[in-house]
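An overview of the molecular structure
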Amino acid sequence: MTQKSISGTAATFFIMLLAFILLGFAQSASSQVTLEISPSAIQKIPIAVPDFKYMTPGQTQLAREMSDVLSNDLNISGVFRSLDRKGFLEDPQAMGFEASQIKFEDWRRQGAAFLALCSYQIQGNSLRLDGTLVDIAGRKMVGSPKSYAGELRAWRPMVHAFADDIMMMVTGERGVFDTKIAYVQSVGNAKEIFYCDFDGNNPVQLTRDNSIALSPAWSPDQSQIAFVSYREGQPRVYGVNVPTGSRYLISGFPGMNITPAWRPGRNELAVALSKDRGQDIYLVSPTGEIIKKFGVGFGSSISVSPSWSPDGQKFAYVSNEAGNPQIYIFDVNSGQKKRLTFSGNYNTSPSWSPKGDLIAYSSGEGGGFNICIIKPDGSGNRELTSGGRNEAPRWSPDGRMIAYSSNKQGGPAIRIMYSNGTGDWQLTRQGGAQELPDWSPRRNR
Amino acid sequence: MRNKRDIFPVLMIFALLAVMSACAKKNVPPPPGYGGAGQEYGQMPGSGGPGMDEAKWRELGINSEAEKREFLEKAKAFENQDVYFDYDSYTLTEPAKKVLDEKVSFLKRYPKVAVSVEGHCDERGTTEYNIALGERRANAAQQYLTSSGSSNLKLTTVSYGKERPVVTGHDEASWAKNRRDHFVLNY
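Residues numbered from 1 in each chain as written. Chains lettered and ligands numbered in written order. Predicted model: local features only at pLDDT ≥ 70, side-chain atom pairs only at ≥ 80, totals over all residues.

1. Concerning the overall build of chain A
Each helix and strand in chain A was counted, giving four helices and 30 strands. For chain A, whose C-alpha radius of gyration is 23 Å, the value lies close to the compact-globule estimate of 22 Å for 445 residues. Taken over the C-alpha atoms alone, chain A extends approximately 75 × 55 × 40 Å along its principal axes. Restricting to contacts in chain A with at least 6 residues of sequence separation, those with at least 24 account for 45%. (Helix = DSSP H or I, 4+ residues; strand = E, 2+ residues; numbered from the N terminus. Rg over C-alpha atoms; globule rule 2.2 N^0.38 Å. Contact = placed C-beta atoms within 7 Å.)

Structural data, given as structure tokens:
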């Protein structure tokens, strides 16, 4: 069950890919370097991120701060490894940005495969940011220079946008640097819904009900969060418009209304209800009309926690119809259900990866809980964590990372790891207890 | 009982009981200002609380002070006795059924009392699965009470999963106390 090292073949493959970059293999093809880089690659791509160059004299303060944010984004991506600035030979404020001015040989000797060159201008409350990605081995600029403009106070999203573009240029897929993570925070005896940036910055409190709020779930367009609250006695599913804060009831049937999951591509949610006494998974509209009862329930069994496949045609869920909680997959079109997990006797909280290739879940054994991944066909079961209580996994929208609740370093907090179990850092650092993360989709650009 | 106290809220009865226990003399009117203490009693969970008037007592089939006293004692015992479950189980054990049988006799005697069955779980296991499990526990008790009790029971259920533990320890003794159905009366 536990198999932490990646296969030798895969490792060799990725090292070879990296070698191709270093040898300038990609140089001849096009101005774009597009490679499928997996976070499971042992070697991450070394990138140099010097302080940003200020083009308006005296506006020096953000030079380091923005570089730190970009550096951190690229480190978090799992694809890059940002080099220590102390080794840089050149004064970032004196660097030239033309290809002819770039000291490729110096950067190569410092171990950089890529160089992120950024400059900024501040005028009043406006900021303009320019970024260029340089392929050191290929001795050329990658793609065209990128420009971002906006309010000065919104400088972080602009830096995140360049990080996204770097990911796009190198891997062919945007990063997750404009995403947010919702979670449940204990506030006194109450539990409230919060969300923060993907890097843990800017925590925002969304509910102030002084009740129990649970199970936040982002809508596919990132504008709404569905969640469960006891504010009216029974657990009901509510929605909140994230930008405006306006609230509405989604599902308030008699009995429990829990575990909302927005269906990809449709304005519908799967929820677990017990309105007909038996528990079952239902499809409801955002205003609570029942569209369909899926009929996964079995006698007095428990049916809960649906998680959609990316095509919205199947969902994984938890049922105890075999005597203890296990993950099942329900096919909406055929109406067939299939048991997915057979190892262990307490498998819950399924989360279908956005690429569709894996399902993460939490597995309880001997008092501990660990995050596991398994393929939808039931093969490839792997444990990603060890020690403590690690629960409620949720994928990043690029499928490279998993957010989860963990008490492995003291109080319950949200942690993030790469989908191969490496990495692993604490997202929420405000103290108290956090649980039940949900990672937002990317914003449309 | 057709006297001036008809218009008093039930908190006066609590006050009266308290005074009666202090001095054996019957029918001592409550001293001025005693209503404050009564209001505190009224906020205790499940007690009749403010707004409980004679008409409501009669609705419950309670007509004398002695009957009220008996009811309040039994109601307290009813609420204080939880029903316990095994780990990840909502099967009623034999001891659980014994407790529920006592509750059945109370509910048969007072069929108009509304009962909320709260299902709870221990801290192990998943938040969301535990809400579903707690509901099954509450339903198990509700079904048992309904099938052996009066047909006009006002029985509702709510599951708190592992969100409202009665004991905060992290050992089996604590967990066992948290895997429970708790009963709250509304009258």
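Text resumes after the structure shown.
2. Quick word on the overall build of chain B
When helices and strands are tallied, chain B shows seven helices and four strands. Walking chain B from its N terminus toward its C terminus, one meets helices and strands in the order α-α-α-α-β-α-β-α-β-α-β. When the 187 residues of chain B are sorted by exposure, 38% land in the buried category. In chain B, the share of contacts with a sequence separation of at least 24, taken over all contacts with a separation of at least 6, comes to 72%. (Buried ≥ 20, exposed ≤ 12 C-beta atoms within 10 Å, placed from the backbone.)

3. Focus on the domain arrangement of chain A
Residues and elements named next belong to chain A. Under the domain assignment, chain A is made up of domain 1 (8-171) and domain 2 (180-439). Summarising the inter-unit geometry, the C-alpha centres of domain 1 and domain 2 are found 35 Å apart. Between domain 1 and domain 2, the contact holds six residues from the first and eight residues from the second. Of the residues in the side of domain 1 that touches domain 2, the class split is two nonpolar, three polar and one charged. (Domains from an automatic or database assignment. Nonpolar A, V, L, I, M, F, W, Y, C, P; charged D, E, K, R; others polar.)

4. Quick look at the interface of chain B and chain A
Every contact between the two is made by 15 residues of chain B and, on the other side, 29 residues of chain A. For the side of chain B that touches chain A, the elements supplying multiple residues, two or more each, are helix H6 (127-148) and strand E3 (154-161) of chain B. If one sorts the elements of the side of chain B that touches chain A by residue count, H6 of chain B sits on top with eight residues. Residue composition of the side of chain B that touches chain A, by class: five nonpolar, four polar and six charged.

5. Brief notes about the sheet that holds strand E19 (residues 314-319) of chain A
The pairing of strands in a sheet happens through backbone hydrogen bonds and is either parallel or antiparallel. Reading across the sheet, the four strands line up as E18-E19-E20-E21 (chain A) and stay open at both edges, with antiparallel pairing between neighbours. Strands at the two margins of the open sheet, each flanked by one partner only, are strand E18 (303-308) and strand E21 (337-339) of chain A. Going across the sheet, the axis of each strand differs from the next one's by a mean of 30°, ignoring polarity. Across the face of the sheet, H6 of chain B comes into contact with E18 and E19 of chain A while running at roughly 145° to E18 of chain A. (Pairing = 2+ DSSP bridges. Axes fitted to C-alpha atoms, helices over the stretch in contact; angles between N-to-C directions.)

6. Re the pairing of strand E15 (residues 269-276) of chain A
All names here are of chain A. The buried fraction of E15 is high, at six of eight residues. Across four bridges, strand E14 (residues 257-262) lies against E15 in antiparallel orientation. Bridging from a neighbouring strand, Ile258 pairs with Ala272 of E15. What sits between the antiparallel neighbours E15 and strand E16 (residues 278-284) is a turn of one residue, in which Arg277 has the positive phi angle 70°.

7. So, H6 of chain B
With 22 residues, H6 of chain B extends 32 Å between its outermost C-alpha atoms, agreeing within 8% with the 32 Å of an ideal straight helix rising 1.5 Å per residue. In terms of residue burial, H6 of chain B counts as a mostly covered element, since 18 of its 22 residues are buried. (Expected span 1.5 Å × (residues − 1).)

8. Overview of the environment of Gly432 of chain A
Residues and elements named next belong to chain A. Residue position: Gly432 is located in the loop between strand E29 (425-426) and strand E30 (434-439). Taking the C-alpha atoms as reference points, Gly432 and Pro412, 20 residues apart in sequence, are found 7.7 Å from one another. Discounting chain neighbours no more than four positions away, the residues touching Gly432 are Gln185, Ser186 and Gly411.

9. Observations concerning the confidence of the model for chain B
Residues and elements named next belong to chain B. Overall, the prediction assigns chain B a mean pLDDT of 78, with 70% of residues at 70 or greater. When pLDDT is averaged over each helix and strand of chain B, the minimum, 30, is found for helix H2 (residues 35-42) and the maximum, 98, for strand E1 (residues 83-84). Every residue in residues 1-48 is under pLDDT 50, and counting partners more than four places away or in other chains gives 44 contacts. For this predicted complex, the interface score ipTM comes out at 0.86, while the overall pTM is 0.84. (pLDDT = per-residue confidence, 0-100.)

10. Brief notes about unusual backbone geometry
All names here are of chain A. For Ser305, which is not glycine, the phi dihedral falls at a positive 60°. With respect to the helices, strands and loops of the structure, Ser305 is situated in strand E18. Positioned with a positive phi, Asp424 is a non-glycine residue whose angle comes to about 85°. Within the secondary structure layout, Asp424 lies in the loop between strand E28 (413-418) and E29.

11. So, the pairing of strand E20 (residues 326-331) of chain A
All names here are of chain A. Across the six residues that make up E20, a large majority, five, are buried. Connecting E19 to the next strand, E20, in antiparallel fashion are six residues, including Gly323 with a positive phi near 110°. Where E20 lies against E21, three bridges are found, and the strand directions are antiparallel. Pairing of Ile329 across the sheet is with Lys338, part of E21. Two successive antiparallel strands, E20 and E21, enclose a turn made up of five residues, where Gly335 displays a positive phi of approximately 75°.

12. Quick look at helix H4 (residues 65-80) of chain B
All names here are of chain B. Over its 16 residues, H4 extends 23 Å from the first C-alpha to the last, a length consistent with the 22 Å expected when each residue adds 1.5 Å. Every buried residue belonging to H4 is among Lys68, Phe71 and Phe78, and all of these are buried. One face of H4 carries all of its buried residues, which in axial projection span an arc of 90°. Of the residues in H4, the exposed ones pointing more than 90 degrees away from the buried face are Ala66, Glu73, Ala77 and Asn80. (Arc of directions from axis to C-beta.)

13. Remarks on the packing of helix H2 (residues 61-76) of chain A against helix H4 (residues 155-171) of chain A
All names here are of chain A. Running from amino to carboxyl end, H2 crosses H4 at an angle of 45°, the nearest separation of the two axes being 9 Å. The orientation of H2 relative to H4 falls into the category oblique. Relative to H4, the crossing made by H2 is right-handed. Residues Leu62, Met66, Val69, Leu70, Asp73 and Leu74 of H2 form the contact with H4, whose own contacting residues are Trp155, Arg156, Val159, His160, Phe162, Ala163 and Ile166. Across the contact of H2 with H4, the residue classes break down as 10 nonpolar, one polar and two charged. (Parallel < 35°, antiparallel > 145°, perpendicular 65-115°, else oblique. Left-handed = near helix turned anticlockwise from the far one by under 90°.)

14. Examining the sheet that holds strand E23 (residues 359-365) of chain A
The antiparallel open sheet is built from four strands, whose spatial order is E22-E23-E24-E25 (chain A). Looking along the sheet, the strands with just one partner apiece sit at the ends: strand E22 (347-352) and strand E25 (382-383) of chain A.

15. Considering the environment of Gly161 of chain B
Residues and elements named next belong to chain B. Topologically, Gly161 is positioned in strand E3. By C-beta crowding, Gly161 is classed as buried, having 25 other C-beta atoms within 10 Å. Taking the C-alpha atoms as reference points, Gly161 and Asn80, separated by 81 residues in sequence, lie 19 Å from one another. Excluding its chain neighbours within four sequence positions, the residues that come into contact with Gly161 are Cys121, Thr127, Asn130, Ile131 and Gly134.

16. Topic: the packing of helix H5 (residues 94-109) of chain B against H6 of chain B
How two helices pack is summed up by the angle between their axes together with the distance between the axes. All names here are of chain B. Between H5 and H6, whose axes approach to 10 Å, the crossing angle comes to 50°. Between H5 and H6, the interaxial angle falls into the category oblique. By crossing handedness, the relation of H5 to H6 is classed as right-handed. Note on element contacts: H6 touches H5 through Ala141, Tyr144, Leu145 and Ser148, opposite Lys97, Leu100, Lys103, Val104 and Leu107. Here the residues of the contact of H5 with H6 are counted per class, giving six nonpolar, one polar and two charged.

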